[in-house]
Amino acid sequence: MSGMALVARDLTVSRGGVAVLEGVNFTLHPGEVLVLRGANGSGKTTLLRTLAGLQPPMRGEVSQPPEAIAYGAHADGLKATLSVAENLAFWAAIHGLDDIAPALDHFNLRALRDRAAQNLSAGQKRRLGLARLLVTGRPVWLLDEPTVSLDKASVRLFAEAVRAHVEGGGSALIATHIDLGLEARVFDVGPCRAEPGAGGAQQSAFDAAFDSAFDSAFDAPESPGNAPESSPETAPKGARP
């Protein structure tokens, strides 16, 4: 996983054609965790989506090795009628892997391996979604509020997975409001908030209120059951599998 740095250079990101963050600069090196902080509606999700290649930047540049990113979004990304084991095997096969046992064991899913995803609790679905990270083989993890719906024990499992990932040379950029107990740098998006009219468009008061309410629905402080769950989506050449 060496040499897999993610670099943002003078990045401006937009939502609905309106700049929300500008002048974003950082480098995420192998072996590092970077925690993304900012108020609800401040643009953290928009930044993560841009870094993952799911939308283009308005200005600036994102530099990343091809096939490097696994993106954990708000949606769970699971196939409801497939079992836990079948979901993991599906994603492992896409990435050329076949051993799902470590993922089952690490996220305490072995006893649930034959249960359909649609019959899992919210916390169990989230654990399954996070377990997908371990079968991607991708070195750069971009994670948006990954611990929503997890209890304290499951949060510890997730933190241990991240710690093992970075110790193996991977990296992680995590938008979260909670302390995961990881050695990490913090990047606060607050100072990068775009001025009204940045990028050549003026955001209306209605649009600003709508965007903030939309993000807040997914970006509230994490506690069991307070927000929709998600799981990783991987991205080819920076975007999708």
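Cut-offs and rules
- Residues numbered from 1 in each chain as written.
- Predicted model: local features only at pLDDT ≥ 70, side-chain atom pairs only at ≥ 80, totals over all residues.
- Heavy atoms only, no water.
- Pairing = 2+ DSSP bridges.
- Helix = DSSP H or I, 4+ residues; strand = E, 2+ residues; numbered from the N terminus.
- Axes fitted to C-alpha atoms, helices over the stretch in contact; angles between N-to-C directions.
- Salt bridge = Lys/Arg side-chain N within 4 Å of Asp/Glu carboxyl O.
- Buried < 20%, exposed > 50% of the residue type's maximum accessible area, 1.4 Å probe, protein only.
- Phe/Tyr/Trp six-rings, centres within 6.5 Å; stacked < 30°, edge-to-face > 60°.
- Lys NZ or Arg CZ within 6 Å of the ring centre and 35° of its normal.
- Contact = heavy atoms within 4.5 Å.
- Core = buried A, V, L, I, M, F, W, Y, C linked by side-chain atoms within 4.5 Å.

Trainee: Mind laying out the sheet that holds strand β4 (residues 59–63), listing which residues take part and the relevant values?
Mentor: If you walk across this open sheet you meet the three strands as β2-β1-β4, and the pairing is antiparallel. Both outer strands of the open sheet, β2 (18–28) and β4, are each paired with one neighbouring strand and no more. The average undirected angle you get between the axes of adjacent strands in this sheet is 30°. In terms of strand pairing, strand β1 (residues 6–15) meets β4 through four bridges, oriented antiparallel. Of the residues in β4, the one forming a bridge with T12 is R59.

Trainee: An account of the pairing of β2 is requested, with residue identities and associated values reported.
Mentor: Pairing of β1 with β2 involves seven bridges; the strand directions are antiparallel. Bridged to A8 within β2 is F26. Hairpin connection from β1 to β2: two residues lie between these consecutive antiparallel strands, with G16 at a positive phi of about 65°.

Trainee: Tell me about the pattern of salt bridges, residues and numbers included.
Mentor: Evaluation of the coordinates by the stated rule reveals five salt bridges. The salt bridge partner of E67 is R138, with a shortest N-O separation of 2.7 Å. Separated by 71 residues along the polypeptide, E67 in the loop between β4 and β5 (69–72) and R138 in the loop between α4 (122–131) and β6 (140–144) bring together distant segments of the chain. Exposure remark for E67: the relative accessible area of 38% places this residue in the partly exposed category. In this structure, D105 engages R110 in a salt bridge whose closest nitrogen and oxygen atoms are separated by 2.7 Å. Classification of R110 by relative accessible area gives partly exposed; the value is 40%.

Trainee: Hey, could you go over the packing of aromatic side chains for me, with residue numbers and the actual values?
Mentor: Under the counting rule described, the total for this entry stands at two aromatic pairs. On the numbers, 5.3 Å between centres and 85° between planes, the contact of F90 with W91 is edge-to-face. Stacked on the ring of F90, the Lys or Arg K79 has its end atom at 4.9 Å from the ring centre.

Trainee: Provide a residue-level description of α4, including the pertinent values.
Mentor: Among the ten residues in α4, nine count as buried, and that is most of the element. Buried within α4 we find G123, Q124, K125, R126, R127, L128, G129, L130 and A131.

Trainee: Could you give an account of the environment of L180, with specific residues and numbers?
Mentor: Its location among the elements puts L180 in the loop between β7 (171–175) and β8 (185–188). By relative accessible area, L180 is classed as buried at 11%. Among residues more than four places away in sequence, those in contact with L180 are T147, V155, F158, A159 and I174.

Trainee: Hey, could you go over the nonpolar core for me, with residue numbers and the actual values?
Mentor: L109, L128, F158, V162 and I174 are the most contacted members of the largest nonpolar core, which has 35 residues in total. Among the secondary structure elements, those contributing two or more residues to this core are β3 (33–37), α2 (84–94), α3 (101–106), α4, β6, α5 (152–167) and β7. The element that contributes the greatest number of residues to this core is α5, accounting for six residues. In this structure V162 touches V33, W141, A172, I174 and L182, once residues within four positions along its chain are discounted. Core analysis: the second largest hydrophobic core is formed by 27 residues, L47, I69, Y71 and V140 among them.

Trainee: Please give an account of the environment of Q64 that cites residues and values.
Mentor: Relative to the elements of secondary structure, Q64 occurs in the loop between β4 and β5. Separated by 36 residues in the primary sequence, Q64 and L28 place their C-alpha atoms 9.9 Å from one another.

What is shown is where atoms sit, not what they do.
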